[in-house]
Amino acid sequence: MTFRLKRHTAWFASLLLSAGALLGGVGLEAKADEPLKVGFVYVGPVGDYGWSYEHNRGRLEAEKAFGDKIQTTYVENVPEGADAERVIRQLAQSGNDLIFTTSFGFMNPTLKVAKRFPKVHFEHATGYKRGNNLSTYALRTYEGRYVSGVAAGMMTKTNTIGYIASFPIPEVIRDINAAYMAASKVNPDVKMKIMWVSSWYDPVKESEAANALIDQGVDVILQHTDSPAPLMVAQKRGVKAIGQASDMSQFAPDAHMFSIQDHWAPQYIAKIQSVIDGTWKSEDFWGGFAEDLLVVASVNDNLPTEVKSAIKATYDEIKSGDLKPFTGPIISNTGETVVAAGHSLTDAELAAVNWYIKGIDDKLPQ
C-alpha cells in the first residue's frame with residue numbers, strides 16, 4: 001500500500017497526529033501485527049526520469065517484495081532546507097518506522113529530526129553525518145562517470161566534451177573529475193567545458209546549458225542533473241549524450257550513447273528487512289557496479305564497435321575491483337598532489353573531494 005503526500009498539502013498531516021506521536025518518537029516501534037511504515041522524501045518529482053524516478057522505482061520494487069508487510073509513503077518536490085525538515089518531521093510523527101531522505105541537502109534536516117525521534121530509523125542518501133538512529137548510503141556514481149568519460153573521449157570529434165552540473169558538492173565534483181580523468185586517458189587532447197545550473201531538476205535550465213555547450217563546440221554531453229532535456233537537445237542538434245540516473249534512451253534514439261542507471265531496490269529491500277528483523281544498525285554504505293546498484297543501460301547499437309568494447313571492458317574492470325578510478329598519483333589543476341602514488345581514496349576521502357584534477361581549465365564555484 002502506498003500513500004503519496006504532495007508537498008503543498010503535507011503540512012495538514014500534522015492535524016491528524018495523536019498526542020503520543022508528538023512526544024519525541026514515543027510508541028513508534030512497529031507492532032508485530034501491523035505493517036512496517038516506511039517513508040521516502042524526494043527532492044524532485046517522481047516523473048523526472050532521473051534521480052527521484054529511480055528512488056521511487058526502488059520503493060515500488062520494495063513494495064512488491066514485501067507485499068502487505070510494509071506500507072510506504074512518499075513526498076516529492078521537497079526543497080532542500082526548512083521545508084525538508086518539516087516534511088521529515090511529519091513523516092516521523094505520522095508513525096513511520098523507517099525514513100529514507102534522498103538528497104544531499106536533506107542531511108542537516110534529517111540529523112535534526114533523527115535526534116528528536118530516537119526510536120525511528122533514518123537513512124540519508126549521499127551525506128556524511130550519522131547518529132545512533134541515522135545511517136548514510138551512497139552510490140559510487142563516479143564509477144559510471146569513468147565509463148562515460150572513456151566513451152566520451154573516444155567519440156568526440158571536436159575534442160571538446162561538456163558537463164552539465166547541478167551543485168558543487170563532493171559527489172558532483174568527484175564525478176566531473178572521474179569523467180575527465182577517463183576521457184583524457186583515452187584522448188590526451190580532450191577538453192571539458194562545465195556549466196553549472198544550480199538545480200537538480202530544471203528542464204529549461206538544462207536545455208539552455210546543453211545548447212550553450214554545443215554552441216561552444218561540445219559534441220558529447222554528460223550531465224549530473226535529472227531531466228532528459230539535455231538528451232533531447234543533443235538529439236535535435238546532432239551531437240551525442242549520456243543518460244543520468246535512469247535509462248534515458250527513449251528520449252534520444254540517435255544521440256543517446258548509453259545511460260548510467262541507478263538501481264536502489266536491493267539497498268531498500270535490505271534495509272527494510274533489517275528493521276523487520278531487528279538487525280538494523282547505523283553505518284555508511286557505498287554501492288556501485290560490484291553490488292549491481294549501478295548499471296550500464298541501453299548501449300546504443302550505433303556506436304562504433306571499439307567504443308562498445310571499451311565501455312564493456314571498463315565496466316568489467318571496475319566491477320571486478322581491478323580498476324579503482326581515484327588511485328594516485330593524481331594532481332589537481334592548481335598543481336597540488338591530492339592523491340599520493342599508489343593510494344586509492346577511501347570512502348571518507350571520496351566524500352570530501354573539493355578539487356579539480358589537472359587538465360580541467362575551470363574554477364570551482366564558491
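Residues numbered from 1 in each chain as written. Predicted model: local features only at pLDDT ≥ 70, side-chain atom pairs only at ≥ 80, totals over all residues. Heavy atoms only, no water.

Trainee: Sorry if this is basic, but what is going on with the environment of Gly127 here?
Mentor: Note on placement: Gly127 falls in the loop between strand E5 (121-125) and strand E6 (134-139). Distance from Gly127 to Phe289, taken between C-alpha atoms, is 20 Å for residues 162 residues apart in sequence. Setting aside its immediate chain neighbours within four residues, Gly127 contacts Phe104, Met107 and Thr136. (Helix = DSSP H or I, 4+ residues; strand = E, 2+ residues; numbered from the N terminus. Contact = heavy atoms within 4.5 Å.)

Trainee: Please clarify how the sheet that holds strand E11 (residues 256-262) should be interpreted in this entry.
Mentor: Where strands meet in a sheet, backbone hydrogen bonds hold them as pairs that are either parallel or antiparallel. Pairing is mixed in the open sheet, where six strands are placed in the order E8-E7-E9-E10-E11-E13. In the strand order of this sheet, the two ends are held by strand E8 (191-196) and strand E13 (294-297), each with one partner. Ignoring strand direction, the axes of neighbouring strands in this sheet form an average angle of 20°. In terms of strand pairing, strand E9 (residues 220-223) meets strand E10 (residues 240-245) through two bridges, oriented parallel. Within the sheet, the bridge partner assigned to Val220 lies in E10 and is Lys240. Across the sheet, helix H5 (residues 141-155) is in contact with strand E7 (160-165), E9, E10, E11 and E13; its angle to E11 comes to roughly 175°. Across the sheet, helix H7 (residues 203-215) lies against E7, E8 and E9, angled at about 160° from E7, the strand it touches most. (Pairing = 2+ DSSP bridges. Axes fitted to C-alpha atoms, helices over the stretch in contact; angles between N-to-C directions.)

Trainee: Would you mind showing me how to read helix H10 (residues 305-320) here?
Mentor: Given 3.6 residues per helical turn, the α-helix brings residues three or four places apart onto the same face. Taking 1.5 Å of rise per residue, the 16 residues of H10 would be expected to cover 22 Å, and the 23 Å separating its terminal C-alpha atoms lies within 8% of that figure. Inspection of H10 places Val307, Ala310, Ile311, Thr314, Tyr315 and Ile318 among the buried residues, and these make up the whole buried set. All buried residues of H10 fall inside an arc of 125° around its axis, so they share one side. When the buried face of H10 is taken as reference, the exposed residues oriented beyond 90 degrees from it are Thr305, Glu306 and Lys312. (Expected span 1.5 Å × (residues − 1). Buried < 20%, exposed > 50% of the residue type's maximum accessible area, 1.4 Å probe, protein only. Arc of directions from axis to C-beta.)

Trainee: Sorry if this is basic, but what is going on with the packing of aromatic side chains here?
Mentor: This structure, assessed with the given rule, holds 17 aromatic pairs. With centroids separated by 5.7 Å and ring planes inclined at 35°, the aromatic side chains of Tyr42 and Tyr74 adopt a geometry described as tilted. Here the residue Tyr42 occupies a position in the loop between strand E2 (36-41) and helix H2 (51-66), and Tyr74 occupies one in strand E3 (residues 70-75), the gap between them amounting to 32 residues. Tyr74 matches Tyr42 in its accessibility class, with the two residues each being buried. Each ring, one from Phe326 and one from Trp355, has its centre 6.4 Å from the other, and the planes form 70°; the classification is edge-to-face. Remark: Trp355 occurs in the segment after helix H11 (347-350) and Phe326 occurs in the loop between H10 and strand E14 (330-331); sequence separation between them is 29 residues. Pairwise contacts between aromatic rings join Phe40, Tyr42, Trp51, Tyr74, Phe100, Tyr137, Trp264 and Tyr268 into one cluster. (Phe/Tyr/Trp six-rings, centres within 6.5 Å; stacked < 30°, edge-to-face > 60°.)

Trainee: Can you help me understand empty space enclosed by the protein in this one?
Mentor: Empty space among the atoms becomes visible once a probe the size of a water molecule is rolled across them. According to the stated counting rule, one finds four cavities of 30 Å³ or more in the structure shown. Taken together, Val43, Trp51, Thr102, Ser103, Phe104, Thr126, Glu171, Trp200, His224, Asp226 and Gln244 make up the full set of residues lining the largest cavity. Residue composition of the lining of the largest cavity, grouped by class: four nonpolar, five polar and two charged. What the second largest cavity holds in volume is close to 60 Å³. Element by element, the count of residues in the lining of the second largest cavity is highest for H5, at three residues. (1 Å grid on protein atoms, 1.4 Å probe; cavity = no way out; pocket = protein on both sides within 12 Å on 5 of 7 lines; lining within 4 Å. Points joined across faces, edges and corners; volume = space filled by probe spheres on them. Nonpolar A, V, L, I, M, F, W, Y, C, P; charged D, E, K, R; others polar.)

Trainee: In this structure, what is going on with the pattern of salt bridges? I would like to understand it.
Mentor: Opposite charge on two side chains makes pairing possible when the charged atoms of those side chains draw close. Evaluation of the coordinates by the stated rule reveals 14 salt bridges. Residues Asp83 and Arg86 are paired through a salt bridge, measuring 2.3 Å at the closest nitrogen-oxygen approach. Here Asp83 and its partner Arg86 are both found in helix H3 (residues 82-93), three residues apart, which amounts to about one turn of the helix. The exposure class of Arg86 is partly exposed, given its relative accessible area of 32%. Lys271 is the salt-bridge partner of Glu123, the closest N and O atoms lying 3.2 Å from each other. Of this pair, Glu123 sits in strand E5 while Lys271 sits in helix H9 (residues 265-277); the two residues are 148 residues apart in sequence, bridging distant segments of the chain. As far as the burial class goes, Glu123 and Lys271 line up, both buried. Sharing partners across several salt bridges, the network here consists of Glu54, Arg57 and Glu61. (Salt bridge = Lys/Arg side-chain N within 4 Å of Asp/Glu carboxyl O.)

Trainee: It is not clear to me how the packing of H5 against H10 should be interpreted in this structure. Could you clarify?
Mentor: In a packed pair of helices, the relevant descriptors are the angle between the two axes and the axis-to-axis distance. At their nearest, the axes of H5 and H10 sit 9 Å apart, and the two run at 155° to each other. As summarised for this structure, H5 and H10 are arranged roughly antiparallel, according to the angle between their axes. Between H5 and H10 lies a crossing whose hand is right-handed. On H10, the residues touching Glu143, Tyr146, Val147, Val150, Ala151, Met154 and Met155 of H5 are Glu306, Val307, Ala310, Ile311, Thr314, Tyr315 and Ile318. (Parallel < 35°, antiparallel > 145°, perpendicular 65-115°, else oblique. Left-handed = near helix turned anticlockwise from the far one by under 90°.)

Trainee: I tried to follow the nonpolar core on my own but got confused; where do I start?
Mentor: Grouped together as the largest cluster of nonpolar side chains are 93 residues, with contacts concentrated most on Phe122, Ile176, Ile194, Ile272, Phe326 and Trp355. When residues of this core are assigned to their parent elements, the largest contribution, nine residues, is made by helix H6 (residues 170-186). Setting aside its immediate chain neighbours within four residues, Trp355 contacts Ile173, Asn177, Phe326, Ile330, Ser332, Val338, Val339, Leu345 and Leu364. The next biggest cluster of nonpolar side chains, apart from the first, holds 16 residues, and it includes Val197, Leu231, Met248 and Ala252. (Core = buried A, V, L, I, M, F, W, Y, C linked by side-chain atoms within 4.5 Å.)

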